[in-house]
Structure formats: C-alpha cells, structure tokens
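A closer look at the structure
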4 protein chains.
Amino acid sequence: MLKVGICGASGFTGAMLLRVLYKHKSVSISYLGSNSYTGSSVNALLNANYKNIPIYFESIDADCINRSCDLVFLAMPHTKSHPLLKDITIPAIDLSADFRFNNAQTYQKWYGTVHSCPDKIESRVYGLPELFREKITGSKLIANPGCYATSVILGIYPFIRKGLCSSVIADSASGVSGAGKALKTELLFYRVDENYKAYNVASHRHQPEMEAAIEERLGQKVSISFVPHLLPIQRGILSTIYLDNPNKINKDDATQILHEQYKNEPFVKLGDNPPQISDVVGTNNSQIYVTVDKHNGKIIVISAIDNLLKGAASQAVQNMNIAYGFDETEAINGWLG
Amino acid sequence: MLKVGICGASGFTGAMLLRVLYKHKSVSISYLGSNSYTGSSVNALLNANYKNIPIYFESIDADCINRSCDLVFLAMPHTKSHPLLKDITIPAIDLSADFRFNNAQTYQKWYGTVHSCPDKIESRVYGLPELFREKITGSKLIANPGCYATSVILGIYPFIRKGLCSSVIADSASGVSGAGKALKTELLFYRVDENYKAYNVASHRHQPEMEAAIEERLGQKVSISFVPHLLPIQRGILSTIYLDNPNKINKDDATQILHEQYKNEPFVKLGDNPPQISDVVGTNNSQIYVTVDKHNGKIIVISAIDNLLKGAASQAVQNMNIAYGFDETEAINGWLG
Amino acid sequence: MLKVGICGASGFTGAMLLRVLYKHKSVSISYLGSNSYTGSSVNALLNANYKNIPIYFESIDADCINRSCDLVFLAMPHTKSHPLLKDITIPAIDLSADFRFNNAQTYQKWYGTVHSCPDKIESRVYGLPELFREKITGSKLIANPGCYATSVILGIYPFIRKGLCSSVIADSASGVSGAGKALKTELLFYRVDENYKAYNVASHRHQPEMEAAIEERLGQKVSISFVPHLLPIQRGILSTIYLDNPNKINKDDATQILHEQYKNEPFVKLGDNPPQISDVVGTNNSQIYVTVDKHNGKIIVISAIDNLLKGAASQAVQNMNIAYGFDETEAINGWLG
Amino acid sequence: MLKVGICGASGFTGAMLLRVLYKHKSVSISYLGSNSYTGSSVNALLNANYKNIPIYFESIDADCINRSCDLVFLAMPHTKSHPLLKDITIPAIDLSADFRFNNAQTYQKWYGTVHSCPDKIESRVYGLPELFREKITGSKLIANPGCYATSVILGIYPFIRKGLCSSVIADSASGVSGAGKALKTELLFYRVDENYKAYNVASHRHQPEMEAAIEERLGQKVSISFVPHLLPIQRGILSTIYLDNPNKINKDDATQILHEQYKNEPFVKLGDNPPQISDVVGTNNSQIYVTVDKHNGKIIVISAIDNLLKGAASQAVQNMNIAYGFDETEAINGWLG
C-alpha cells in the first residue's frame, strides 16, 4: 500500500481528495494536515465516517510529511505550496498553481512572489493526462492543472494541434466552490443567489496557464481570450469556446478530430449534444461537444467538468494512478459524488 | 388618457407590462386579453390589487381591441402576433418577433411560417430607442426587440458604428423567464437548479435579428456568433461580447466611445466595473462596461439587462413614451420590481 | 409635505424603506443616515436613480435628525436604537426590537443591555395595525414589530381573542435577508444553497415578543413554542402554526373567524389555499389560511409575509399612514417590488 | 453473489439504488426494468459508466424477474407495485407505499385502490431497521418506509416508547426529488425557486403511515399532526417535531433517552447542535437532535435525512443487508453521493 498524505485536507479540494483516495485499493491514508484545524477530529469536521485514517488533523510540517508518507498531495492556496515543497523530499502532487508554469519568472509575474524552489520546477510535469501522460509516468513532482485550464485546454487542444486555429475565445462559468470557503462579502448567499457576473475580466491567471501548457506540449504559441463568470451553483464549470476556422472545416470534420484525439481517453466523453454541468458533476469526466456556426464559420466547442474533481481532486488521483502504474481509472471511475 | 390594451396579459411579459403601465400617468388600461384565461379575474390570477382596470381577462379579438383601445401591446408567442395584427387597425407595439425583421422573407426563413401582413412590415420600426428613436416618434407599429438582441446590440453598436470592429462573438446567459411558463421537462426545477447549459448553439433566431438591426441602422453588415445559455435564476441577461480590434484601440478609447454614444441616454448606465445581473434586475436600465484585453487586443464588452423589462415590457413602454411624445422615462424610471 | 428621515438607510430594510417612502405623495425625504457609508452617494450605493432626496448618506446624529426631519424611521440593529432615540425629540418609528416590549426589564432580559430611555417605552405603541390601530393614530413613538412576530401574531390572534386556544406551536421559515448583510460563514452561498436548518431553537427573541404583544392587547397570557428556520431564498417568511382546539371548532368555523376578524383589513388576504411565499413577496400583504386536522382536531394556520415589507419597511409606512391620518394604503398598495 | 434486480431503475430512487447496489461486494445486478425506457441504454440514460450490469432497460415483467433475480427491489409509483408483486415469487423489497400498512383496508382508505395481494401483506415487515431489525432478518417481503415517515418516526420513537409523550406535531420540509420527475407546473423552476410552501396540509398519506408503524411496534396509539413543505432544493428532509411533555423531562433527560435508544445504531447520529440538511445529504445517516423549550416544556426534536438515501434507496439496501445477513453497513457506509 502506498502511504499518501494530504496537506490542506479541510478545504473543499482536500476533503474531496480524501473522499476519492479513501476508496483507492492501493493506497492508505497516513497523514492529513490542516493549519486551520490542527488537532480537530477529521470525521467530526468533515461530517464523515472514515476508518483507518488519521483521527486528527496534524499541523503542516515537512519533516512529518517526509517521515509518514510515500507521496503527498498539496491542496493549499496558491503561493503557500512552493515554500513547503522546498523541504519535501518525497514525491508530490501539487494542486496549487505554484508549479504549473515551467519557469519561475512567469510564475512570479502572475503570482507576485519569488518562487522558493525554481530548481524543482525544472523536473516537474504539468499533470494533464490527455496531453502529458507519458511524462507523468514515473514523475516525482506533478503540477495539477487549474480547473478552468483543464476545461479549456481539453476543448481546444485537438484543433490547435492540427493547426486548424490560432485564436481562441474562452467564455467560462464556474460554481462557487472554485472560490473556496473564503469569508468574502461577494460570496454571501444574498450576493450570489439569483445573480451572475463576470470577474477578473481579461486578467485571470488561468489564461497564461492555458497558453503555457499548450506551448509546452506543442511548441507553438496560441492566443487565448478568457473571461470567467460566477454561477449561483455549488460545483461545475462550463466553457463555451469560439475558435477561428481559417481552413473552413465543417461540423463533421470537427467532430471527427475530437474523436480521433480522445478515442482512447477513459475520461473524455464526446456527446451528440452540448454538455450541461449536471452531466459531469460528481465524476472525473470531461464532456466535450463541437459544432461549426454555418453562418460565419466559427468552430464552437463546449466543454464541461466538475471543478472539484476533473478540475482538481480526481484528476490529481488520475495523475497518481499514471505516475505509479496503477490502473488509470482506479477509484475515479463512474460516480464519485 | 391614452386607452391601452394588452394581449397575452397573463404571461410573464404581459403581466409585467400591466404592472408598468398601471403606474403611467397618461394611460388607462382598457383591455386585457388572454386566450388561456378568458373570463378569469385579473387580480386573482396575478395575485394583485389593481383598481380601475378590466376585472376579467377577455378573449383576444381584433374587433374588440380596435373598439376599446387607442393602442395595443401584443405580448404573445412568436407566430401568433402577425395573424392578429392583420386585423388590428389601431397603433400597436408588438413584443413578439413577428415584426422584428424588415422583410417577410427573412421572417419566414427563421420562423418557418408565411407572414400574413407583409405590407405592415414596411411601415414598422424596430423599437430599440437608442438606435431608432427618431423613427419611433409617431410610429404606428413598433416591433419591440428581443431580450438577447437588446443586450448585445447596445453593447456593440458604438464600436461598429465607428468602424472599429467587424466580427462579434456574443456569449449570453439568461434566467428561465426568457423561456416563458411552458411546461417542459427541461424547465423543471430538478433540471435547472445547480445546472448551467448552452442551448440552440449556433442556431438561435436572435443572431439574425441582431445583424439585421445593425444593418438596418448603419447600412453595413456585421458578423455575429451567438450562443445563449440558461442560468438557474428567474430573471436577467448578461452578455459577454468579444470584438476584434484591428485599430488597436485601448480601454480608455473604448470607454470614451461608449460615453459619447450613450451620454444622453436615460437608460444606459456605464460603470467602472463589469455589471452583474443583480445591478439591473427590476429596472429598465442597460448597464454596459468595456475593457480591452492587453494580452491580445480583443475588446471585451459586458452588457446586462432585465430580460422582462428592458428586454421586453418596460422597453415597450419606453417606445410608447417616445411614439406619443410622453416623457421618455414616465413610469419606467428607477425601481420597477 | 412631511419631512422624513431614515437612519440605517444602506441596509436591507432601510433601502426598502426609502424605496417605499419615495413613492409616498405626502412625504419628502429630508435625511438619510448611515454610519457605514457616511459621505457615500446614495444613488450609487443603492444602484438607484432617486431624485430630490439627499445626495449623500449623512452620519447618524440626533441633532441633525431633529433639525431636518418631522419624523424619523430607525432601521438600525437591535440595541443601537435606544441610545439614539434618547436624544431624538421628534416622532419616530423604530424598526429595531428596542421598543417592542412594554417594559425595560423584559427588554434587558432578552437583549442583554440596560435600556437607556425607559420613560419613552411607556408612551410607545406596538405598531401592528391589525391589533393596535387606534393607539397608533397620533402616536409619537411606534415600535415596528419583528417579521416573525408579525407573521405569527396575525395568524393566531383571532383564535386567542375568542378564547379558542391557549397553546401555540409556530414553525417559521425565513429567507436570508432576515439576517441582514452580516459577513458570517453561515451566510455564505455554499452554506445556505441546497440547505435548510433550524436555528436559535427554543431560544429566539421573537417568541417573547409574540407573547407580550398578545398579552398587551388582550390582557391574557398565551404560551408559544417557536422554531425559526433558514431557507435558501432571499425574501419571505412562511409560518405554519399548530393550535390546540379544545372547543373542537371545524374548518368552516375557523375560516369564518378569520374572515370576521380581518374583513376590513386592507392588507390581510384570506385564501382558499395555503399561501406560498411567492404569493406575498413584493407586497405589504399578510396572507393567511386555516384548516382543521380532522384526524386529531388541531387548528392549523399558515401565514405568509414578505419579511422586508409587511415584516419591516412597508408595515412601518402603514404605521406612519395611520399615525398621521394619511390614507392607510398610500404608497404600499399592490406591488412594491 | 446475490442476483438482484431493480424495477423502475430510471427514476430518482431506482437510479440511486443502482448506484448503491453497484458497490455492494455480495451482489450482482442481473435485471434493470423500466417501462418508460425499455430498450434504452442504461449507461447512456443515467450518464454513467457501469460495467457488468444489464446493458439495456428491460420491460417490467414478473416472469422475467422471477427467472433472472434472487431478490428484486421495486422502485415504482404507489399503486403500481402490488399488482406486480402478486406475481413475484422471489423475495422483494418494495419502495412504494403498497405494503407499508399491515392490512389491506387501511391501504385502500389512503390510496384509493383495492389491494391485489392482501395475503402477502400478512407476512411483510415494515423495513425500518431501528424498530424492526429482528423481523427484517430473513424476511421475504420488506416494505421500505416513506421518507417523511423515516425522519419523523426515528425522532419520536424513543420518547413514545418510554411513555413520555402522546401528542406529536411534525413539521417537515423536503427537496423536490421527493416528488419524483413528474412534469407538473408546480415543479417548474420558476415556481419552486425562491419559494416555499406547505402542501397536502392535514391530508398527507405519510401521517397514518407514521402512526401505524409506531402502533405496530409498540402496540400503542399515538396522535401525529403532520404538515409537509416543499423546499427549493434537490434533496433532503428536515423534520422539526414538537412533543408534549407531561413528565417535564429536561434536555439532559431527553438527550440521554436518545443516546440509550440509538447508541448501537450504525446510521443514527446524535449531535450537540441541530442538524442541517447538508449534514446528511449523500449518506444513509439519520441525524437527530433534541432539546426542551424551557419556557413551556415542549420537547423539540429535529431530525434530518437524505430522502433519496435513508429515506429510500440506501435504507432499502440496509434492509437487504439485514435480511441476508450481510454486514449491515456494506455499501452504505460514509459518503454515497
């Protein structure tokens, strides 16, 4: 059994990671860290009933993690992961943004802090299995992609790879869990309910992440406009993506390209109808649909994921499965809740 | 007092029209028609307390309307308005799509039925005050714009008019009232709540309406990609619009263009921050924001309206106010609920 | 024109008061106070378009209020009203709980602070028009009832007055606006959405308020069990109330008693079916239904109000209308939004 | 492996049963029946990814069920179960109301149809494990309790059993899934969202079910007033229950009684705070809290369950586990989603 730990196990993502890992047949949970709830009962706080896991949240401490785990998942806020990872000597899967860029300069530009272990960046892999499965195999440091980036990249990658478009407009909408449990006025019920809004317009950090991942994979630049929106729901992301179409491919061509790209992917579902958020919530699936606007030729891709699962926790487990040679679908197939 | 009637007064839009017109100081309500509720008590059905209005819904009958009203508002389903209007001899404001196109062929193409009074189309005006105020003055037949079209056209018109863009991508999201009160599985609570989806992708009838209205006003073609989405809320539309920017104008330029265009408009609000749906629900306001994505130069416009008010009922009253020379803001200023 | 002021005009209730008073034909708005937003633009903060009202929120100061107003509405938190009212020399309508009890001891017991002007309590009237209309007429200090108390008292009063019951169980559910705009974890969207809970079980301050008001009116004690619940909605209260029925009256009797009591009340609506929250939101109406459980004889009353209107703002205006001899329905009839 | 079938596998409850049974290590799914979707792909319709289950929904046919299963779950509408069960020769767990009463007359009174197999009623057991575990062991026909009944009975049973109360008022609120997927106007999003209402006031069929189950277990009558309400959420029931308290027990006594009763129950959770619906959704848990209103002595019990799980699907599996001697918590422990 692989002994795994979770740092930040009391947050949305960390708790979901625990829920998923708990069912994994090759894994035992050996460490659950939380700075906010050190010493609290895990089952009490999570309103759960887990057995054979640590009874209390421990403080987040690198030595302790190195000693007690074979692998650690970091479900911590951006900029809090890299100082900790500096002292981590075991393999890690980081769910923050701290290792998503492949160089420290770009990270510093977008996150405003100096990276504390740029050397570790060099050996990290960007953990989007559909693009980087081979590199993930055996990797010791995996940067789990952002939720928006996952939904957009999976939708556009097949077309960019074929050289069929160069300009991308991605309009995404997410439930509130994407913002975590922060106590902010804008996240109060009376502000979110019966409302909808764009935020971080033309300034969201996920857009450079998307471009960097595509460039890292294909060696080619792509220009993405990205506007995220806040939905009055708990979970899920839907991205509606508009691609230029200089080669004037039609809907059948576009659908065929998606099928070719993803035909062997266990977690990419291609439907005949546009996906809804309810189609994917509770699963590790990415559901993607494509059509072409006959009127003006634009390729329109619609891509849906559960931001807490394929956009975070279960994708991290998918990465672990690949890295360690487990069955890729172990613990993350079907309904996860 | 102008005697006004409403056909379809029991639906979302018709009931909202009654609520707005009821407060109008130059108007009396002389006729309320409903095929579904002929003979029912108006106050009972609408859970209201109106005085000096017709007590019962009447059947929808052209003769009766012609006799009892000076002006009639038609809040009926698409394709049900034109056969009725054929026999209407008094001025009318039609809230359906039946007179939004300026020729019968285009109408037939998108709505699948032969128009029964193409001659009336010729003299109709497209009732978007910010574009056609002069023509609306004194008009006898006003086609009230669609809700999606209102939100998108107001956002893009200033830029197209200045020749600053030619390609438009409009990503819109609407509350369920846009779909009326139809008894459809996809509108059940368990399907809409905690969900979000695109619908009518690349095939919505509002896109040609948008293009036709711009062309009618400016004599120039524009290409619009449009994808509507269904939000789990009652009311409101938010459109996030992406414009190409060949002249590379910056955010200040873009903001200045909006201000110039709308500085005298009583119902267009320009904010320093992106509008939220909650900013406009309950009002006749259109709130618009513009920025430029520094990264790739796209102009991004965000435009919000209440689909039942500026997108339907109160815009119809604004049109009446203009047509009859009343104060344009009478009965529709401030909070309408 | 009566010059009125509002203290706490930036909160849910204060903003609603302004909306209602703004339409009142015998009133002018001469003062808007807010400690949180002193100096801010009223229209900007409230996203509104009011004319002929103070442009900026002023600080909350008794001298200023006494000078600039003929009447002041206090829409402030509990325990903040009585120290201010101590120095107010003009008539006042207090929407907090500070003057709802008719003696300082009971107030101190439930609100934990010494009352600063017990002398003023003696002359105050409890502003529930359906019970105390005569005393309200000409009153200089009106304690506006709580929202829960309004919904429950109106439902049970006719039966208690007739001596038909002595034991009351009131199970109420309210939207989040009842809790104001406080930044609390339990009011975050992710906590409220898709959830429902009881709170302050058997310890809510509204229960003694209900009993005291009944006793003040009828000189007789009644025992009320009260449990409030939090609904995942913005506005509205529904109270389901269970009464013992020693005289074994039947449904017709019970309905007749309601009709007799309220037949001349402009804002009490008696329906043939149980009211829903959506029936009353946006109005000053209290909608009440009664039936008798044939199985075991309990009288079951269901009572719905809008907590921000009949439960707060518009009931305060109803009180003003009565106190000053205006038409009781002025500005609060029909749809208020 | 026990071969199990599900009739009505495409509904809310049937689909949830499949989800739960699929994880059960001693069970294989050998039959999935649906009259509405006969011939449709199970995975496609349920948007799922099940392996080693029937590929298509079959028609609902007793012979086929008898041949292919060792045990069948009936997740069908009330009045549709008993005609089918007449011809079923294998053990069955019925999730409808058709076998909840222990005599055909009471059933006919409340459900309006003659029972087609009254003989089978005699040997059936009411499948509430916390009351009837011993009878459930080895039973061939189990009537799975209603969701409202489960939440109320578990809350009151310990007190009635001790003779501490005789009069019960149960005020319950449920999410929309309790009403199934029926296409009804009152279940449209625009009717349910931002609303709350009582329904079937003093006439709901679950009240006699509660009384009958208590009487069947204790041989003593109890009088229950019951009013159900509809919440604008998907899942969950919260019951707030008011008990008379002639012996004047206090909160500590009451809490002690709950603990004694349920200390060995794997799925009854007793908390120090009132439960919320979000505490139990996704689990087979019943969470119960008790307090005593010091003011008037009433015992107040608050009880929450997930209506689709402990109120239906997972309780049915709990019953199977008991009947067949499996570990009672198999497949239903912890998070079910």
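Residues numbered from 1 in each chain as written. Chains lettered and ligands numbered in written order. Predicted model: local features only at pLDDT ≥ 70, side-chain atom pairs only at ≥ 80, totals over all residues.

We now examine the overall build of chain A. Counting its regular elements, chain A contains 13 helices and 13 strands. The C-alpha radius of gyration of chain A comes to 19 Å, within 12% of the 20 Å expected for a compact globule of 337 residues. In terms of overall dimensions, chain A has C-alpha extents of about 60 × 45 × 40 Å along its principal axes. For chain A, with 337 residues in total, the buried portion stands at 59%. At a minimum sequence separation of 6, the contacts of chain A that also span at least 24 residues come to 70%. (Helix = DSSP H or I, 4+ residues; strand = E, 2+ residues; numbered from the N terminus. Rg over C-alpha atoms; globule rule 2.2 N^0.38 Å. Buried ≥ 20, exposed ≤ 12 C-beta atoms within 10 Å, placed from the backbone. Contact = placed C-beta atoms within 7 Å.)

Turning our eyes to something else, we now look at the interface of chain A and chain C. Facing the 13 residues of chain A at the interface are 13 residues of chain C. Looking at the side of chain A that touches chain C, its residues break down into seven nonpolar, three polar and three charged. (Nonpolar A, V, L, I, M, F, W, Y, C, P; charged D, E, K, R; others polar.)

A separate point is the relation of the copies chain A and chain C. Mapping chain A onto chain C calls for a screw motion: a turn of 180° about the axis and a shift of 0.0 Å along it, with 0.0 Å RMSD after fitting. These values place the two chain copies in the arrangement generated by a two-fold rotation axis. Comparing interface residues between copies, 100% of those in chain A also lie at the interface in chain C; the contact surface is shared. (Least-squares fit on C-alpha atoms with pLDDT ≥ 70 in both.)

For the rest of this paragraph, the subject is helix α13 (residues 313–324) of chain C. All names here are of chain C. For α13, with twelve residues, the first-to-last C-alpha span of 17 Å sits near the 16 Å given by 1.5 Å per residue. A large share of α13 lies buried, amounting to eleven of its twelve residues. Within the sequence span of α13, burial applies to A313, S314, Q315, A316, V317, Q318, N319, M320, N321, I322 and A323. G325, located one to two residues past α13, shows a positive phi value of around 75°. (Expected span 1.5 Å × (residues − 1).)

To continue, consider the relation of the copies chain C and chain D. If you rotate chain C by 180° and push it 0.0 Å along the axis, it lands on chain D with an RMSD of 0.0 Å. A symmetric contact is evident, with 100% of the interface residues of chain C recurring at the interface of chain D.

Residue and element names in this part refer to chain C. Neither face of strand β3 (residues 71–74) is left uncovered, since the one carrying L71 and F73 and the one carrying V72 and L74 both have all their residues buried. In this structure, strand β1 (residues 2–7) lies alongside β3, joined through four bridges in parallel fashion. Across the sheet, I6 pairs through a bridge with F73, a residue of β3. (Pairing = 2+ DSSP bridges.)

This part takes up the packing of helix α8 (residues 147–161) of chain C against helix α10 (residues 206–218) of chain C. Between two packed helices, both the angle of their axes relative to each other and the distance between the axes serve to describe the pair. Residues and elements named next belong to chain C. Remark: α8 packs on α10, axes separated minimally by 10 Å, with the N-to-C direction vectors making an angle of 40°. On the basis of their axis angle, the class for α8 and α10 is oblique. The interaxial crossing formed by α8 with α10 has right-handed handedness. On α10, the residues touching Y148, A149, V152, I153, Y157, I160 and R161 of α8 are H206, E209, M210, A213, I214 and L218. (Axes fitted to C-alpha atoms, helices over the stretch in contact; angles between N-to-C directions. Parallel < 35°, antiparallel > 145°, perpendicular 65-115°, else oblique. Left-handed = near helix turned anticlockwise from the far one by under 90°.)

The interface of chain C with chain D comprises 33 residues on the first partner and 33 residues on the second. Among the secondary structure elements, those contributing two or more residues to the side of chain C that touches chain D are β7 (167–174), β8 (197–198), β9 (223–230), β10 (237–243), α12 (277–280) and β13 (299–305) of chain C. Each residue belonging to the side of chain C that touches chain D can be placed in one class, and the counts come to 16 nonpolar, twelve polar and five charged.

Its location among the elements puts R133 of chain C in helix α7 (residues 129–136). On a C-alpha basis, the gap between R133 of chain C and G39 of chain C in space is 38 Å, while along the polypeptide they are 94 residues apart.

Moving on, we come to the confidence of the model for chain A. A low pLDDT means the predicted coordinates there should not be read in detail. Across chain A, pLDDT averages 96, with 100% of residues at or above 70. The complex prediction reports pTM at 0.96, with the ipTM value standing at 0.95. (pLDDT = per-residue confidence, 0-100.)

Turning next to helix α8 (residues 147–161) of chain D. All names here are of chain D. Taking 1.5 Å of rise per residue, the 15 residues of α8 would be expected to cover 21 Å, and the 21 Å separating its terminal C-alpha atoms lies within 8% of that figure. I153 marks where α8 bends most, by close to 35°. Counting buried residues along α8, 14 of its 15 residues qualify, which places the element largely inside the surrounding structure. Of the residues flanking the end of α8, it is G163, one or two places downstream, whose phi is positive at about 70°. (Bend = angle between axes of the 7 residues up to and from the residue.)

Residue and element names in this part refer to chain B. Taken together, the six strands give an open sheet; going across it, the order is β2-β1-β3-β4-β6-β5, and neighbouring strands pair in parallel fashion. With partners counted over all chains shown, the strands left at the sheet margins are β2 (27–33) and β5 (125–126), one partner each. Bridge analysis of strand β1 (residues 2–7) against β2 gives six bridges, and the strand direction is parallel. Bridge assignment links K3 to a residue of β2, and that residue is S28. Packing against the sheet, helix α13 (residues 313–324) makes contact with β1, β3 (71–74), β4 (92–94) and β6 (141–143), and its axis sits at approximately 150° to β4.

Residues and elements named next belong to chain C. Where α7 contacts α13, the axes come no closer than 9 Å and their chain directions differ by 35°. In this structure, α7 crosses over α13, and the sense of that crossing is right-handed. Counting all contacts with α7, which are made through P129, R133 and I136, the residues of α13 involved are Q318, N319, I322 and A323. Per-class residue counts for the contact of α7 with α13 are four nonpolar, two polar and one charged.

This next bit is on unusual backbone geometry. For T79 of chain B, which is not a glycine, the phi torsion comes out positive at approximately 75°. Residue placement: T79 of chain B occurs in the loop between β3 and α4 (81–85). With a phi angle near 60°, A202 of chain D is a residue other than glycine that sits in the positive phi range. Structurally, A202 of chain D can be placed in the loop between β8 (197–198) and α10 (206–218). A tally of 19 C-beta atoms within 10 Å means that A202 of chain D is categorised as partly exposed.

So, about the domain arrangement of chain A. All names here are of chain A. Partitioning chain A into structural domains gives domain 1 (2–144 + 312–324) and domain 2 (147–305). The C-alpha-based centres of domain 1 and domain 2 are spaced at 25 Å. Listed by partner, the interface residues are 17 residues for domain 1 and 19 residues for domain 2. Only α5 (104–111), α7 (129–136) and α13 (313–324) provide two or more residues apiece to the side of domain 1 that touches domain 2. (Domains from an automatic or database assignment.)

Residue and element names in this part refer to chain A. With parallel pairing, six strands are arranged side by side in an open sheet as β2-β1-β3-β4-β6-β5. The open sheet has two edge strands with one neighbour each: β2 (27–33) and β5 (125–126). Here β5 pairs with strand β6 (residues 141–143) via two bridges, running parallel. The partner of Y126 across the bridge, within β6, is A143.

Attention now goes to the environment of S26 of chain B. Residues and elements named next belong to chain B. Along the chain, S26 turns up in the loop between α1 (12–21) and β2. We classify S26 as partly exposed; it has 15 C-beta atoms within 10 Å. The spacing of S26 and K3 is 23 residues in sequence and 9.0 Å in space, taken between C-alpha atoms. Those residues in contact with S26 that lie beyond four places of it in its chain are M1, L2, F326 and E330.

All names here are of chain D. Within the secondary structure, L18 sits in helix α1 (residues 12–22). Residue class for L18 comes out buried when judged on the 24 C-beta atoms lying within 10 Å of it. Separated by 60 residues in the primary sequence, L18 and H78 place their C-alpha atoms 20 Å from one another. Ignoring sequence-local partners within four residues, the contact set of L18 consists of I6, A9, I29 and L32.

Here we take up the pairing of strand β3 (residues 71–74) of chain A. Where β3 of chain A lies against strand β4 (residues 92–94) of chain A, three bridges are found, and the strand directions are parallel. Each bridged residue has a counterpart across the sheet, and for F73 of chain A the counterpart in β4 of chain A is I93 of chain A.

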